[in-house]
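Here is how the chains run, residue by residue.
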Amino acid sequence: MRIGIVILPDQRWSDSRRRWSQADEWGFDHAWTYDHLGWRDLVDGPWFDSVTTLTAAATVTSRVRLGTLVASPNFRHPAAFARQVTALDDVSGGRLLLGLGAGGIGFDSAVLGGETLPPRQRVDRLAEFTELLDLILREDGTTWHGEWFTAVDARNNPGCVQTPRVPFVMAANGPRSMRLVARFGQGWVTTGPDEDDLEGWWSGVAEAAARMDATLATAGRDPGTLDRYLSLDSAPVFSLRSAEFFADQVGRAAALGFTDVVTHWPRASSWYAGDDAVLADVATRLLPELRRA
């Protein structure tokens, strides 16, 4: 089992850098940040760019993998984003994990003045975004005229450090997005259902895992070739409520076949409110054991 942590980009780097370097020293397998222009009710507070943050994080870490949880087509174009991805993979020495998703409604989908798309169209757009991004990252000189995006002789030189490109960790809960995972993903990440009851949430996670199994079988893909990430804090109870509770949640994820789990660095209030002491306890006392589980 691999353990990851999300560090929200809501602090100035002078404060945030300590968290990234600490995550590396503690031995977390991966560390992530949100790729939004603003997020929920934190949109009015401090908020920083994900690619710039991860680039800075790459310079103060040496081992932990770094990722977006998750980038979306809400405000990104594959040709321009491919250049950022290539640079970030280079600066990090090949430690980038590229989380991708359809993008939700809210600030990100409205701030540029575009229309808010319904779910089906967001998945349509994600499909084209993913296919074009995959092509640009693997081949040089891509020309594309699609429904959502256009690219003319898009270059990728020198290409990613990781070959044939950086791993895609794709967010999916529904059947169409899961088919995209089976086609393009090296990893699958799920938040489970929108559920207020913890046991109901776990039941929904189990159903999602079964759907992914069925999707891979239909696609003829070996399930062992796909890493499976669970965002524990999408549950109605914060995973770092206590070290014992965290260990229990990791165990439940492992029993459902997940290879990776992700928690969040505790915040003083609002989303992911918790105690840094619990995180430190998990990292120093439980993390080595949980990673061997």
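Residues numbered from 1 in each chain as written. Predicted model: local features only at pLDDT ≥ 70, side-chain atom pairs only at ≥ 80, totals over all residues. Heavy atoms only, no water.

Turning to its location among the elements, T52 is positioned in helix α2 (residues 50-59). For T52, a relative accessible area of 53% gives the class exposed. For the pair formed by T52 and R76, sequence separation is 24 residues and the distance between their alpha carbons is 15 Å. (Helix = DSSP H or I, 4+ residues; strand = E, 2+ residues; numbered from the N terminus. Buried < 20%, exposed > 50% of the residue type's maximum accessible area, 1.4 Å probe, protein only.)

Time to look at the pairing of strand β9 (residues 227-231). Burial analysis of β9 places four of its five residues in the buried class, which makes it a mostly covered element. Summarising the sheet, strand β8 (residues 187-190) and β9 pair through four bridges and their orientation is parallel. In the strand pairing of β9, G187 is matched with D227. Between the parallel elements β8 and β9, the chain passes through helix α7 (residues 198-219) in a crossover that is right-handed. Pairing between β9 and strand β10 (residues 260-264): three bridges, direction parallel. Directly across from Y229, in β10, lies its bridge partner D260. Between β9 and its parallel partner β10, the chain crosses via helix α8 (residues 243-255), and the hand of that crossover is right-handed. (Pairing = 2+ DSSP bridges. Right-handed = clockwise from strand over helix to strand, strands pointing away.)

Our next topic: the UniProt feature "domain: Luciferase-like" (unreviewed entry) in the protein chain. Taking the UniProt record as the reference, the feature "domain: Luciferase-like" (unreviewed entry) is found at residues 1-231. A helix fraction of 41% and a strand fraction of 19% characterise residues 1-231, whose end C-alpha atoms lie 14 Å from each other. (UniProt positions renumbered as here; feature names shortened; annotations may be inferred.)

This part covers the sheet that holds strand β1 (residues 2-6). Pairing is parallel in the closed barrel, where eight strands are placed in the order β1-β2-β3-β4-β7-β8-β9-β10. Averaged over neighbouring strand pairs, the angle between their axes works out to 25° when direction is ignored. Each of β2 (30-33) and β3 (65-71) is contacted by α2, which is oriented at about 170° to β3, the strand it contacts most. (Axes fitted to C-alpha atoms, helices over the stretch in contact; angles between N-to-C directions. Contact = heavy atoms within 4.5 Å.)

Let us look at the pattern of salt bridges. Evaluated as defined, the whole model comprises 15 salt bridges. A salt bridge links R138 to E139; the nearest nitrogen and oxygen atoms lie 3.9 Å apart. A relative accessible area of 39% means that E139 is categorised as partly exposed. In this structure, D281 and R285 form a salt bridge, with 2.8 Å as the shortest nitrogen-oxygen distance. Pair noted here: D281 and R285 are both in helix α9 (residues 276-292), with a separation of four residues, about one helical turn. Its relative accessible area of 26% is what places D281 among the partly exposed residues. We classify R285 as partly exposed; its relative accessible area is 42%. (Salt bridge = Lys/Arg side-chain N within 4 Å of Asp/Glu carboxyl O.)

A ring pair, where both rings are aromatic, is described by two values, the distance of the centres and the angle of the planes. Tallied over the full model, the rule gives 12 aromatic pairs. Taking 6.4 Å as the distance between ring centres and 65° as the angle between the ring planes, the aromatic pair formed by W26 and F28 counts as edge-to-face. Ring geometry for W188 and F258: centres 5.7 Å apart, planes at 25°, overall stacked. Placement of the pair is W188 in strand β8 and F258 in the loop between α8 and β10, with a sequence separation of 70 residues. Residues W188 and F258 agree in their burial class; the two are buried. Feature note: the residues Y34, W39, F238, W271 and Y272 constitute an aromatic cluster, connected by ring pairs. Lying across the ring of F245, R241 places its NZ or CZ 4.2 Å from the centre. (Phe/Tyr/Trp six-rings, centres within 6.5 Å; stacked < 30°, edge-to-face > 60°. Lys NZ or Arg CZ within 6 Å of the ring centre and 35° of its normal.)

This next bit is on the environment of P288. Structurally, P288 can be placed in helix α9. A relative accessible area of 38% means that P288 is categorised as partly exposed. Each C-alpha atom, one on P288 and one on T59, is 24 Å from the other, the two residues being 229 residues apart in sequence.

Taking 1.5 Å per residue, 14 residues should reach 20 Å; helix α3 (residues 78-91) reaches 20 Å between its end C-alpha atoms and fits that length. Looking at the buried positions of α3, the neighbouring elements they touch are α2, β3, β4 (96-100) and α5 (119-138). Within two residues after α3, G93 carries a phi angle of roughly 70°, on the positive side. (Expected span 1.5 Å × (residues − 1).)

What follows is about the packing of α7 against α8. Remark: α7 packs on α8, axes separated minimally by 11 Å, with the N-to-C direction vectors making an angle of 30°. If you check the angle between α7 and α8, you find them roughly parallel. Taken as a pair, α7 and α8 cross one another with a handedness that is right-handed. Between α7 and α8, the residues in contact are L198, E199 and W202 and F245, Q249, R252 and A253, respectively. Partitioning the contact of α7 with α8 into residue classes produces four nonpolar, one polar and two charged. (Parallel < 35°, antiparallel > 145°, perpendicular 65-115°, else oblique. Left-handed = near helix turned anticlockwise from the far one by under 90°. Nonpolar A, V, L, I, M, F, W, Y, C, P; charged D, E, K, R; others polar.)

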